[in-house]
Structure formats: structure tokens, C-alpha cells
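# Residue-level structural notes
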Amino acid sequence: MKDSKAISVIGLGVVGLVTAIGFAMKGHRVVGIDIDAEKVRKISDGVCPIYESALGEAMKTINIEASMDFEKALDTDISFLCGGTPGNSDGSISLRYVKGPARQLGEVLLGSTKRHTVVVRSTVVPGTTEKAIVPCFKDSPDVNVCVNPEFLREGSALEDFMHPTRIIIGENNKASGDELLSLYNGMKSPILRTNIKTAEMIKYASNSFLATKISFINEIGNICKKMGIDVYEVARGMGHDERIGAEFLRAGIGYGGFCLPKDTAALAAEARALGNNPEILEGVISTNNKQPLKMLELLRKHVPNLGGKTIGILGLAFKPETDDVRESKAIPIIEGILLSGARVKAHDPRAVPNFRKLFPQIEYTGAKEVLDSDAALIITEWDEYNYLNYKGKVVIDGRRISKAMEAKYYEGICW
Ligand code: UDX
């Protein structure tokens, strides 16, 4: 392909793997680099190491080299740092999967006379790239660092890569920004070129706003429930206003996943460190932490003596179409049920292998068997749950599966 580039993608989690496959599909030569030998082996064999729709199919149409050797980055023009930034207990982010690879890349590029652009794709709080990543390349004058945040959603990550809602480029050198932008040739998405820390903040503010919308509609749902109003009807009425937008107004047990909880907490922690008092962000977080506990209140209301009872859980993934259970609301809910002395039977079409690592002691079975319990809680809105027979059952719904309203007893968390 004309002006195709040689790209290295460092860190082959969801973001790195999708970035590598996406750019390879656009005709660039891509080498993926990771420290996980098993992951590298699988990708080298053309096997997708994660459950992500369309990714396995896409891997059959392109080939990307996968390696554990950082030296491979030397014969590429541009390197993407895609390591995860897990949260610390105080909400701040851990940079171990970003700074470590950046240092290794800096060593590999040391003395290289070829121009090279390093792109921080990891979600890092504003100021991180200039403080912690740029210094890793200070002895390589021809190496420039940019920021290019991603807005990929699990379950539709490749689609989101191919059709980004916007392309954000944070740069301190026009030539490197131009080079990064050239990779997106042909995409019709709006482009914003800005400075590095503004690009970092756009990612955090975007995710924190999405989290805010969810906690907002959950708070409205909690109020509506006491007023006998259907918050889903309210959301429909709100969504017609483009300033509000119809998306992310589904009330329920709150947001989970690897991103929204961590990014919102990290931004609040950063704000506090600056001496600010991020009341809104802290309210969003607090509402989200309390929301799933309402499921336990409803459960106790309808199964007063939980000791020795059997409670069914429908859904373990943090959302449908993924096997990811990080920050899944099933975690605090199942913890609460086990503490009350009840047994748990759980179902999820995809996430059981991951969830079993956290809760080896509970029973995993079919959705129908899960319904044969003293009560069943709906935690993830997998499509197949719209086709179960809930008649004669006791159902507490955290995700608005309307079919479940046929149950003998049905109650929604905030409807
Ligand atoms: C999110 C952002 O959407 C994405 O742009 C960013 O790049 C990464 O983080 P993701 O975490 O994959 O993506 O999932 P998302 O679809 O945003 O859902 C996050 C959580 O919010 C899920 O637990 C989902 O169940 C919950 N949610 C979402 C609601 O509770 N109500 C809604 O209306 C929407």
C-alpha cells in the first residue's frame, strides 16, 4: 500500500491487539510485542487470545508478527505503547505496564539515527507522558512522542477502531503528529490535533462523563422507583434532546469493566492531589458503588432468611458480548450473598472461566437450572436471557430484561 508504515505495537491486551490487527488490515506491516509467551505463541499461530467479536475472523485475513523481542521495534517507523494502567487502592494509576516497556523501547532505540515516533495509546492521567514517558527517549534526538487515546468498547473494539468517533492526536512535534495521522488515512472521523496533556485529558474526561451519565440515570431511577415512575420511559423522553443524547441512559446496577471505574477514580485522585475537591466525580463513584447493594436489599426483602437458601445469578461479565469480569457488579453481589450463608448457582455464556478464578466455590450451571432457585438475580443483560421461561419464578432484575416481568414475583433495582 502507498505510504504504508512499519508499526510495532507493545502490549497485546484488547487495545494493543485491536490496534495491531486494525492497522494490519489497513495495509501496514505490524509486529506485536508482549512479555507473555503464551499470548505471543497464540497470536503467531493466528489464534485470538481473547474473546472479542470479529477479532478471531480478522486474524484469519491478515498476518501480524508477534514477538517477545523489543529489538523488533528497531526496524519499524512508529511504536504504540498499549500497556494497561490498573488502579492502585487510592485510585491513582499504576504505570508499571507503560513505563517498563517505554524504558525497554528507549534502550532499543538508543543511538538509532532513524526517525521514530513513539505513541502513547495507554490511558494515562494528564501530565504522565511528558513526566514519565518522554524522558525515556531523552538520549535519542530523532525519537518523538505523541499521544493517541483510543475509545474502544469491549465487545465492539475492532468496529470502534475501524470507525472511530474521533481521532485525537496529542503532539509536541508536527512531523511526528503528521506521521501518526498518516496511519489513519482514508478514515472519515473528525480529527483533533492538540498538545499532549490535552489529549490525555480528553480520554479521562470522556470516560468520566460516561460514568457520570450512568450514575445520574441510576440516581434518577432510584427516585423514580419511589414515585412509581418508569425511568426507562423518562430516559426515552430525555434522549430526544441531542444535548443529552439517548445513549448511556440505561438505569441498572451500575458500570463495571476495566475502564470507567478506574479512569473515574484516577481523575478524582489526581484532582485531590492537586488540592481540588472533585465532588461530582466522587458522587458518581459513590453512587456506582452503592447501586449493586440495592440488589441485596431487594433480595433480603423477598428471601428474608437467606441462610441455607439457593440464589441464582444470571450474568457474570461486566456487560454482554465480553468474557471480561473486571469490576463486574456480580462480584460485590455474590460476596454479599455468600456472607449471608446462602448458596449461589451462576450462569454466563462466556465469562465462567474468568469468574471461576475469583469464585471457585460457587456452582456454575445452565441458565434454566439457575432459575430453579429461591430467587434469581439478573446481573448482565445477555440476549439469551430475553428467551428464558420466568413463569413461577422469583426474579430481581438489575438490567431490565422485560421478559422476566412474567415471573411470579419480579422487581427491578430501580423500576
Ligand atoms: C468504555 C467506554 O465506553 C469506551 O469508550 C472506553 O474506550 C473504554 O471504556 P467499556 O468499558 O468496554 O467501554 O464498556 P461500556 O460499553 O462503556 O460499558 C461500561 C459499563 O457501563 C458496563 O458495565 C455497562 O453495563 C454499563 N452501562 C453502560 C450502564 O450501566 N448503563 C448504560 O446505559 C451503559
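Quick caveat, the model's predicted, so the values are computed rather than measured. (Residues numbered from 1 in each chain as written. Predicted model: local features only at pLDDT ≥ 70, side-chain atom pairs only at ≥ 80, totals over all residues. Heavy atoms only, no water.)

### Considering the layout of surface pockets
Regions of empty space are outlined by a rolling probe, equal in size to a water molecule, passed over the atoms. The space that makes up the second largest pocket amounts to roughly 400 Å³. Lining of the second largest pocket is provided by 20 residues; of these, Gly-257, Pro-261, Lys-262, Ala-265 and Glu-327 occupy positions nearest its centre. Mapped by element, the contributors of at least two residues to the lining of the second largest pocket are helix H10 (260–273), helix H11 (279–290) and helix H13 (330–339). When the residues that make up the lining of the second largest pocket are grouped by side-chain class, the tally is eight nonpolar, eight polar and four charged. (1 Å grid on protein atoms, 1.4 Å probe; cavity = no way out; pocket = protein on both sides within 12 Å on 5 of 7 lines; lining within 4 Å. Points joined across faces, edges and corners; volume = space filled by probe spheres on them. Helix = DSSP H or I, 4+ residues; strand = E, 2+ residues; numbered from the N terminus. Nonpolar A, V, L, I, M, F, W, Y, C, P; charged D, E, K, R; others polar.)

### Topic: the pairing of strand E1 (residues 6–10)
With five of its five residues buried, E1 lies for the most part within the structure. Burial along E1 is two-sided: Ala-6, Ser-8 and Ile-10 and Ile-7 and Val-9, pointing in opposite directions, are all buried. One ladder, built from five bridges, connects E1 with strand E2 (residues 29–33); its direction is parallel. Within E2, the residue paired with Ile-7 across the bridge is Val-30. As for the winding sense of the linkage, the β-α-β connection from E1 through helix H1 (residues 14–25) to E2 is right-handed. Pairing between E1 and strand E4 (residues 78–81): four bridges, direction parallel. Note that in E4 the partner of Ile-10 across the bridge is Leu-81. (Buried < 20%, exposed > 50% of the residue type's maximum accessible area, 1.4 Å probe, protein only. Pairing = 2+ DSSP bridges. Right-handed = clockwise from strand over helix to strand, strands pointing away.)

### Comments concerning the sheet that holds strand E10 (residues 343–347)
Strand order in the open sheet formed by six strands is E11-E10-E9-E12-E13-E14, with parallel pairing between adjacent strands. Each having just a single partner strand, strand E11 (363–364) and strand E14 (409–412) make up the two edges of the open sheet. Pairing geometry for strand E9 (residues 310–314) and strand E12 (residues 375–378), over four bridges, is parallel. By the bridge assignment for E12, Leu-314 is matched with Ile-378. Helix H12 (residues 293–302) rests against E9, E12, strand E13 (394–397) and E14 of the sheet, and its axis sits at about 155 degrees to E14. (Contact = heavy atoms within 4.5 Å. Axes fitted to C-alpha atoms, helices over the stretch in contact; angles between N-to-C directions.)

### Observations regarding the side chain of Thr-85
Position of Thr-85 relative to the elements: it lies in the loop between E4 and helix H4 (96–109). The exposure class assigned to Thr-85 is buried, which follows from its relative accessible area of 1%. Only 2.8 Å separates the side chain of Thr-85 from the backbone oxygen of Thr-123, close enough to count as a polar contact. A polar atom in the side chain of Thr-85 sits 3.0 Å from the side chain of Lys-262. Those residues in contact with Thr-85, other than ones at most four positions away along the chain, are Ile-93, Ser-94, Leu-95, Val-98, Ser-122, Thr-123, Val-124, Phe-258 and Lys-262. (Polar contact = N/O pair within 3.5 Å; in protein donor to acceptor, adjacent residues only side chain to side chain.)

### Description of the nonpolar core
Core analysis: the largest hydrophobic core is formed by 57 residues, its most contacted members being Ile-313, Leu-316, Ile-337, Phe-355, Leu-377 and Tyr-390. In terms of residues, this core owes the most to one element, H13, which gives five residues. Tyr-390 has contacts with Leu-314, Leu-371, Ile-378, Tyr-385, Val-395, Ile-401, Lys-403, Ala-404, Glu-406, Ala-407 and Lys-408, leaving out every residue within four places of it along the chain. Ranked by size, the runner-up nonpolar core spans 35 residues in total, among them Ile-7, Val-30, Val-119 and Met-187. (Core = buried A, V, L, I, M, F, W, Y, C linked by side-chain atoms within 4.5 Å.)

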